[in-house]
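Reading the structure
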Amino acid sequence: MRCLLRSPIFSALNEKVLNMSVTIKTQDEINLMREAGRLLEIVHETVAAYIRPGVSTKELDRIGEDKIRSLGCIPNFLNYQGFPASFCVSLNDEVVHGIPSEDVIIQDGDIVKIDSGLIYKGYHSDAARTYLVGDVIPEVRQLAEVTRQSFFEGIRYARAGNHLNDICKNIGAYAAKHHYGIVSDLCGHGIGTHLHEDPEIPNYPMKRPGIRLRPGMTLAVEPMLNLGSGEVGWMDDGWTVVSLDESPSAHYENTILITDGEPEILTMTHA
Ligand code: MG
């Protein structure tokens, strides 16, 4: 039986950003962010190959952490505000921040969210993917596809001169068009020498335009959508975020670079 904490504690990975202004990366820093992103993409591809029925979520964490370290990088989720693993592995109605466990075994029909990040030479990357295991019902397949696409709908507007809300409102509009619940208690964030930097990036329209986007900003944009309501609760492990109505949830995230033209997706260098 699930035990929900009704009022979230402020230890969730992407709940609280550091109180700092939005950083503009130099060309050297951009190159390091690019490499951090490229390596994280490799890590995600490595872990994805092991997702199948019968595998524990802890095994995925072990495989992923080994890969991060073999690439000469540091897992940035591990011990972040006390988080006990390098990967968040969240199943079905778990939205984000699922703690890997030997006792949680992936089953046919599961929707699996894998979220992780790494540090390369002091620079962070962060990305999440949603995987469908075996025979997943069409409604959930569509949820995963729309969540992924909502990221791309948002970042079409992620270019210098536009405002932050141009990203947020277009993610939200696409999700609303499909009548999905937008998880509004969690949001994306700036990223650089810290995992979570300013600005916070909601997945719904803000009341204000927000900051003006400038070349050299690096942002982690991460829509989280539920098949039902967007309301979430926290399990009593203090981490795992679940949909309150127990509906399936999907998550998709990349670290991007703002340029004068199209944004560069640092954690997705090939399709
Ligand atoms: Mg993130």
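Criteria and thresholds
- Residues numbered from 1 in each chain as written.
- Predicted model: local features only at pLDDT ≥ 70, side-chain atom pairs only at ≥ 80, totals over all residues.
- Heavy atoms only, no water.
- Core = buried A, V, L, I, M, F, W, Y, C linked by side-chain atoms within 4.5 Å.
- Buried < 20%, exposed > 50% of the residue type's maximum accessible area, 1.4 Å probe, protein only.
- Helix = DSSP H or I, 4+ residues; strand = E, 2+ residues; numbered from the N terminus.
- Contact = heavy atoms within 4.5 Å.
- Salt bridge = Lys/Arg side-chain N within 4 Å of Asp/Glu carboxyl O.
- Pairing = 2+ DSSP bridges.
- Phe/Tyr/Trp six-rings, centres within 6.5 Å; stacked < 30°, edge-to-face > 60°.
- Donors = N, O, S within 2.8 Å, 3.2 Å for Na, K, Ca; no water.
- Axes fitted to C-alpha atoms, helices over the stretch in contact; angles between N-to-C directions.
- Parallel < 35°, antiparallel > 145°, perpendicular 65-115°, else oblique.
- Left-handed = near helix turned anticlockwise from the far one by under 90°.
- Nonpolar A, V, L, I, M, F, W, Y, C, P; charged D, E, K, R; others polar.

Turning our eyes to something else, we now look at the nonpolar core. Grouped together as the largest cluster of nonpolar side chains are 20 residues, with contacts concentrated most on Leu60, Val112, Ile114 and Leu118. Of all the secondary structure elements, the ones that give two or more residues to this core are helix 1 (27-48), helix 2 (57-70), strand 3 (87-91) and strand 5 (111-120). Top contributing element to this core by residue count: helix 1, with 5 residues. Aside from chain neighbours lying at most four places away, what touches Val112 is Ile51, Val89, Ser90, Leu91, Ile106, Arg129, Thr130, Tyr131 and Val133.

Take the pattern of salt bridges next. Across all of its chains, the model carries 10 salt bridges by this definition. As a salt-bridge pair, Asp61 and Lys58 come within 3.2 Å of each other at their nearest N and O atoms. Here the residue Asp61 and the residue Lys58 both occupy positions in helix 2, the gap between them amounting to 3 residues, near one helical turn. On the accessibility criterion, Asp61 (2% relative accessible area) is buried.

This paragraph deals with the sheet that holds strand 14 (residues 249-251). Judged by pairing direction, the sheet is antiparallel, and its 3 strands sit side by side in the order 7-11-14 without closing on themselves. The open sheet has two edge strands, strand 7 (181-182) and strand 14, and neither has a second partner. Here 2 bridges tie strand 7 to strand 11 (residues 224-226), and the two strands are oriented antiparallel to one another. Within strand 11, the residue paired with Ile182 across the bridge is Leu225.

For any two aromatic rings, the description comes down to two numbers: the centre-to-centre distance and the angle of the planes. Taken as a whole and assessed by the stated rule, the structure comprises 4 aromatic pairs. When the ring of Phe151 is compared with that of Tyr252, the centres are 5.3 Å apart and the planes differ by 70°; the resulting orientation is edge-to-face. Of this pair, Phe151 sits in helix 3 (residues 138-155) while Tyr252 sits in the loop between strand 14 and strand 15 (254-257); the two residues are 101 residues apart in sequence, bridging distant segments of the chain. For Tyr252, a relative accessible area of 5% puts it in the buried group. Consider the rings of Phe152 and Tyr252, whose centres lie 6.0 Å apart with planes at 40°: the pair is tilted.

Coordination of the magnesium ion by the protein is provided by Asp126 (OD), His189 (NE2), Glu222 (OE) and Glu253 (OE), with metal-donor distances spanning 2.1 to 2.4 Å. Linear spacing of the donor residues for the magnesium ion on their chain is D-x62-H-x32-E-x30-E. Separated by 33 residues along the polypeptide, His189 in strand 8 (residues 188-190) and Glu222 in the loop between strand 10 (218-221) and strand 11 bring together distant segments of the chain. Residue Glu222 is classed as buried on the basis of its relative accessible area of 1%.

Attention now moves to the pairing of strand 9 (residues 197-201). Where a strand is regular, its side chains alternate between the two sheet faces. A large share of strand 9 lies buried, amounting to 4 of its 5 residues. Joining the antiparallel neighbours strand 8 and strand 9 is a turn of 6 residues.

For the rest of this paragraph, the subject is the sheet that holds strand 10. Spatial strand order, 9-8-10-15-16: 5 strands in an open sheet with antiparallel pairing. Of all strands in the sheet, those with a lone pairing partner are strand 9 and strand 16 (264-265), marking the two edges. Summarising the sheet, strand 8 and strand 9 pair through 3 bridges and their orientation is antiparallel. Residue pairing for strand 9: Gly188 is matched across the bridge by Ile201.

At a minimum axis distance of 8 Å, the contact between helix 3 and helix 4 (residues 164-177) shows a crossing angle of 150°. What the angle tells us is that helix 3 and helix 4 run roughly antiparallel. Our pair here, helix 3 against helix 4, has a crossing hand that is right-handed. Facing helix 3, whose interface residues are Val146, Gln149, Ser150, Glu153 and Gly154, helix 4 presents Asp166, Ile167, Asn170, Ile171 and Tyr174. A class-by-class count of the residues in the contact of helix 3 with helix 4 yields 4 nonpolar, 4 polar and 2 charged.

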